[in-house]
Structure formats: C-alpha cells, structure tokens
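Spelled out, the chains give:
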Amino acid sequence: MTTRLPPPLRIRAPRQVLDGFGRSVLASCRYSRPRTVDELQDVVSAARREGLTVTFRGSGRSYGDASLNASGLVVDTTGIDQVERWEPATGIIEAGPGLTIEGLWRRTIEDRYWPAVVPGTMRPTMAGCVSMNIHGKNNFRAGPFGDHVLGLELLTPAGERLWCDREQNPDVFHAAIGGLGMLGAVTRVKLKLKKMQSGQMRILPLAASNLDEMFAQFREHLPTADYLVGWVDCLSTGRGIGRGEIHRADYLTAEEDTLGQDGFHVESQGLPSTIMGVSKGVLWRFMQPMLHNPGVRFVNTAKYVMSRLGHGRTYLQSHVGFAFLLDYVPNWRLAYGDGGFIQYQIFVPDSTALECMKTVLRTAQEAGLPSYLGVLKRHRPDAFLLSHALDGWSMAMDFRVTAANRERLWKLTERMTQIVVEAGGRFYFAKDAVLRPADVIRAYGAERFETFAAIKQRLDPENVLQS
Ligand SMILES: Cc1cc2nc3c(=O)[nH]c(=O)nc-3n(C[C@H](O)[C@H](O)[C@H](O)COP(=O)(O)OP(=O)(O)OC[C@H]3O[C@@H](n4cnc5c(N)ncnc54)[C@H](O)[C@@H]3O)c2cc1C
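Residues numbered from 1 in each chain as written. Predicted model: local features only at pLDDT ≥ 70, side-chain atom pairs only at ≥ 80, totals over all residues. Heavy atoms only, no water.

1. Considering the overall build of the protein
When you go through the protein residue by residue, the secondary structure sums to 15 helices and 21 strands. With the principal axes as the frame, the protein shows a C-alpha extent of 80 × 55 × 45 Å. Put simply, the protein has 467 residues, and 58% of those count as buried. By sequence separation, contacts in the protein at least 24 residues apart represent 72% of the contacts at least 6 residues apart. With an accessible surface of roughly 19,300 Å², the protein has 53% of that area assigned to carbon and sulfur atoms. Between the averaged position of the 55 positive side-chain charges in the protein and that of its 49 negative side-chain charges there is a distance of 5 Å. (Helix = DSSP H or I, 4+ residues; strand = E, 2+ residues; numbered from the N terminus. Buried < 20%, exposed > 50% of the residue type's maximum accessible area, 1.4 Å probe, protein only. Contact = heavy atoms within 4.5 Å. Areas by Shrake-Rupley, 256 points an atom, 1.4 Å probe, with all protein chains shown as cover. Lys, Arg positive; Asp, Glu negative; His and termini not counted. Charge placed at Lys NZ, Arg CZ, Asp CG, Glu CD.)

In structure tokens, the structure reads:
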C-alpha cells in the first residue's frame, strides 16, 4: 500500500496579501488557516519538508510586521478557537489559540468573570496575547497577560506537544510568553480570570496641563487605582508639552453596584452602535479629513478643553466600554489613508522617563512629524525572558505614514530610539515596524537573546519558526 502525500503548499497555501494593523507594512505570503491542531501540525511539517519558514498569525492586531512572512508560510490559528473547559467555580478557562478576548469575555461575563489583563481592543487571540505578553491599563498592578496564564501547550516544529507551566518546562514557559511564536505554535492556553463584584467600574477623569503634571497625578493615584491611562496631546508645546487627560478606573464593590446581575449581561457590556447619532461604521470617514498636523492640533485642543470641563466628575462605565475604547470606531485605521501608520511604543525606567519622553515629543515636533495619538501607562517588571515591561512608564505614539514622509519618519524613529536606549529603555515588538537588531540588543542586553537562542536551538534547531 502506498501513502499519498498531500499536495505541496504552493497549491494548498496560495499567496495572500496580509498587513500589520498599521497598514504601513504589507507582504504577499503563503497562507494557511488550519481548523484543528492536527491540521496545524500537518501544515508545519509540510513547510519543514518543503524548506519554508513559518510565522504564526492570530487576528493580525500587531501593528507592525510580527505576523507577516513574505518568503515563507503564514499559519493563521484563529480557526482553532474552541473553549475546552470553563470552570466558573475557579475562574479557570482552557481554550484553543484562536479564541479572541471578545470570545473569552462573552463566555465568562455572566458568571461574573473578566480577564485580569486585556489590551485596548477585544480582537486579539489568546495565542497573540501570550506570544506578545500583552499588557493592559493595569500593568502596574496586575502585571502582564502572562502572569495570569497557568500553563500552555506548545507544538514544536518537530511535532512534539510540550506542556509548559511554572513547574514543567519553566524555562520554555517564561520564554514562549512574549516569545513571538518562535519556539512553537501555542495550541492551548490555561488562563485564570478575575472575579468581579460588579459589571461596571467607576471612572475618574483628570485633566493635566503638561507631562510633569500628568506624571505627578499618576504617582498620586498609583497606590490605590485599579487602572490608570493617560491620553497625551503630542502636539502641545512649551510649558504645555505633554498635556492631556488621565482616566482612573476602579472596580466597584457589590455594595456600590446598583445593577447587580443585570450589569453582567452580555448586552449591558456591548459598545454603542452610534456615536452622537452617527452610525459607527462610517465614523472613520469623518476622521480622515482631520488627520494632518493642523487638523489634529485643532481636535486635540478641543479634547483638552473638554477634559478641563470634565475634570474630577466621576461616572460609571461597563468593563467593555472602558477597556476597548479603540473598538468604538470600526475601521478607524483606514482614516490614516493609503500609507497607514506606525505605532511606536517606548518603555522607559521611572528615573529617566519624564525627561526622556519630553525629549522624544520635542524631537518629533521639531522634525514636523508629531504623533497624532499618545498614550501613557505605568508598568512593573515581570519574570518573562523577552519582557518589554520594566519599573517605569510607556508612551505609545501613532505616526501617520505617507509616501512623502516615510523616509524622514524612519530616520526620526532612529533618533528617538537612540534617546530611549540611552535612557535605559525598551520597546514593544507588537508595536514595531522600525527597530534595528543592534538597537534591540542594546535595549534588552545580549544575554537575554543568548538564553532565548539556546532554548530555540533545542526546540527549533532548523530555525523553521520566524517572526
Ligand atoms: C487597537 C489596538 C489596541 C491595542 N492595545 C494594546 C494594549 O493596550 N496592550 C498591548 O499589550 N497590546 C495592545 N495591542 C497589540 C495587540 O494586543 C498585540 O499585538 C496582540 O499580540 C495581537 O494579537 P493577535 O491575535 O492579533 O496576534 P498577531 O498580531 O496576529 O500575532 C502576534 C504575535 O503572536 C504570534 N502568534 C499568533 N498566533 C500564534 C500561535 N498560535 N502560536 C504561536 N505564536 C502565535 C505571531 O507570530 C506574532 O508574533 C493593541 C492592538 C490594537 C490593534
């Protein structure tokens, strides 16, 4: 009896143009979307046989090129999204790699559980959150996503299924979380969720007249807040540099909650379908004409004035409403036009962050390429090998990319990168399209990459997996 080999990947995995979320990096990649772990194993083995490198992909919500591979195969694991086990008694869930944060909270909210750490959008998958070790607006308190992962299964290119947790294969566990899918496919994630007393949170908005004031207000609220996030007007100059607005959010106790179980219904958590009477689906078209320096300066000034009016006035908001602000306007990324945008997020130690961030803001302004959106967060260090977090602060900045500014913008990011590295800072690979290997090694230290490379050599000696 003869066994017939499946058709080659050039037939089974035709090329598709894929993008990073910022749309400034596109690549034509061989693409496959398996529906089971066996199919996933089969396609990775085929790539190995045919000499193709493999990059895994979740929902493609990384801004840069992390889940693209022009010369190899992209394996999308969103099709493997089943919940294998959900235990409302303990808050432990086990699920396939493709389950999204949205699928997760929809499944658990009525049992009064919420993911302890979420990104600013609900579209990312469990595997994407693991592989980037994402952080939330509560990183200073809850740590990264990985701190809540109890264990995970990795499928290595050789076909071995390896369970990793803090006892079994702890070195692989701490390297695969934040390891960009370069050690194996994440095929199962066991996660501990957080029990909630209320479906709502109390939000306190605070205006800050410059970055110094924003840092001071963060410092005042850090010891007691559950979440803190700052919007930074990256076009403000002089004494007002880095002005903006902080949102503090706190869990309610059962006594403070007025909605009871109603607040935990999926419908009570939904995002509004219209904003100021306008259907959300078309809103990005209204944003598009404003996305140039004078337009953003005008919008930011209006937003800052509004923030002064709302200063200190608390209100209640659902978990979804607070956590996923960036999902309010579908397709907002299209407003940046054909060239898209890059997001560049810097992480700087507490002792140097304030001055470093002001210098970065000024450097971008002087180049005539200010960021159109700035977001400030506070972080704490964690135990993961390639962690971007440190005892310090991050600022994420969105820069519009056009054919005319692309080269200047890349040069600007090189200058900003030097400023950050000299301040002892790091970067976040989920938000990167511009970093050069030498800068990454300077920022993280060669030792971490040597340790990572040694683990990779063990699990993927042929270097099949790339990111
Ligand atoms: C609007 C918006 C807001 C965001 N806010 C935040 C935020 O607040 N905090 C934050 O930390 N991040 C944030 N992000 C970034 C986002 O959370 C991360 O990029 C996340 O990794 C995206 O998950 P994904 O499923 O889309 O994975 P992708 O972007 O497709 O892939 C991410 C990485 O995971 C790897 N990967 C994917 N699937 C697998 C698998 N099965 N096995 C192994 N490796 C795999 C890929 O190779 C890649 O290296 C935001 C992104 C957007 C678009």
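Additional details are given in the paragraphs that follow.
2. Concerning the layout of surface pockets
Looking at the second largest pocket, its volume works out to about 600 Å³. If you go around the second largest pocket, you meet 20 residues; those closest to its centre are L180, M182, F429, F449 and S467. Among the secondary structure elements, those contributing two or more residues to the lining of the second largest pocket are α14 (437-444) and α15 (446-459). Looking at the lining of the second largest pocket, the element that brings in the most residues is α15, giving 4 residues. For the lining of the second largest pocket, the class distribution of residues is 13 nonpolar, 3 polar and 4 charged. (1 Å grid on protein atoms, 1.4 Å probe; cavity = no way out; pocket = protein on both sides within 12 Å on 5 of 7 lines; lining within 4 Å. Points joined across faces, edges and corners; volume = space filled by probe spheres on them. Nonpolar A, V, L, I, M, F, W, Y, C, P; charged D, E, K, R; others polar.)

3. Focus on empty space enclosed by the protein
Under the counting rule described, the total for this entry stands at 2 cavities of 30 Å³ or more. Computed from the structure, the largest cavity encloses a volume of approximately 50 Å³. Together, M132, N133, G178, L386, S387, H388, Y428 and F429 line the largest cavity. Of the residues in the lining of the largest cavity, the class split is 4 nonpolar, 4 polar and no charged. When residues of the lining of the largest cavity are sorted by domain, at least three fall in each of domain 2 (83-196) and domain 3 (200-444). Looking at the second largest cavity, its volume works out to about 40 Å³. (Domains from an automatic or database assignment.)

4. Overview of the site of the ligand
In the region of the ligand, 36 residues are neighbours, and F56, R61, S62, T125 and Y428 sit closest. In this structure, an oxygen atom belonging to the ligand sits 2.9 Å away from a main-chain N or O atom of G60. At a separation of 3.3 Å, an oxygen atom of the ligand approaches a polar backbone atom of L180. Bound to the protein, the ligand loses 98% of the 970 Å² it would expose on its own. When residues of the shell around the ligand are traced back to their parent elements, those giving at least two are β3 (54-57), α4 (126-132) and β10 (185-192). Among the elements that take part in the shell around the ligand, α4 stands out by supplying 4 residues, more than any other. Classifying every residue of the shell around the ligand gives 17 nonpolar, 15 polar and 4 charged. (Near = heavy atom within 4 Å. Polar contact = N/O pair within 3.5 Å; in protein donor to acceptor, adjacent residues only side chain to side chain.)

5. Describing the packing of helix α12 (residues 350-366) against helix α13 (residues 406-422)
With their axes 10 Å apart at the nearest point, α12 and α13 run at an angle of 165° to one another. Classed by the angle they form, the pair α12 and α13 counts as roughly antiparallel. By crossing handedness, the relation of α12 to α13 is classed as right-handed. Contact residues: α12 offers C356, T359, V360, T363 and A364, while α13 offers L412, R415, M416, I419 and V420. (Axes fitted to C-alpha atoms, helices over the stretch in contact; angles between N-to-C directions. Parallel < 35°, antiparallel > 145°, perpendicular 65-115°, else oblique. Left-handed = near helix turned anticlockwise from the far one by under 90°.)

6. Observations concerning the sheet that holds strand β18 (residues 341-349)
The sheet built from 8 strands is open, its strands ordered β17-β12-β14-β13-β19-β20-β18-β21 with antiparallel pairing. Edge positions in the sheet fall to β17 (315-318) and β21 (426-427), since each of these pairs with one other strand and no more. Where β18 lies against β21, 2 bridges are found, and the strand directions are antiparallel. Looking at the pairing, I346 lines up with F427 of β21. (Pairing = 2+ DSSP bridges.)

7. Focus: the packing of aromatic side chains
Applying the stated criterion across every chain, the model contains 18 aromatic pairs. On the numbers, 5.7 Å between centres and 80° between planes, the contact of Y63 with F341 is edge-to-face. In this pair, Y63 sits in the loop between β3 and β4 (73-76) while F341 sits in strand β18, placing the two residues 278 residues apart along the sequence. Given the relative accessible area of 0%, F341 is considered buried. Of the aromatic side chains, those joined through ring pairs into one cluster are F21, Y63, W332, Y336 and F341. Sitting over the ring of F322, K137 keeps its end group 5.5 Å from the ring centre. The ring of W231 has K303 lying over it, and the distance from NZ or CZ to the ring centre is 4.6 Å. (Phe/Tyr/Trp six-rings, centres within 6.5 Å; stacked < 30°, edge-to-face > 60°. Lys NZ or Arg CZ within 6 Å of the ring centre and 35° of its normal.)

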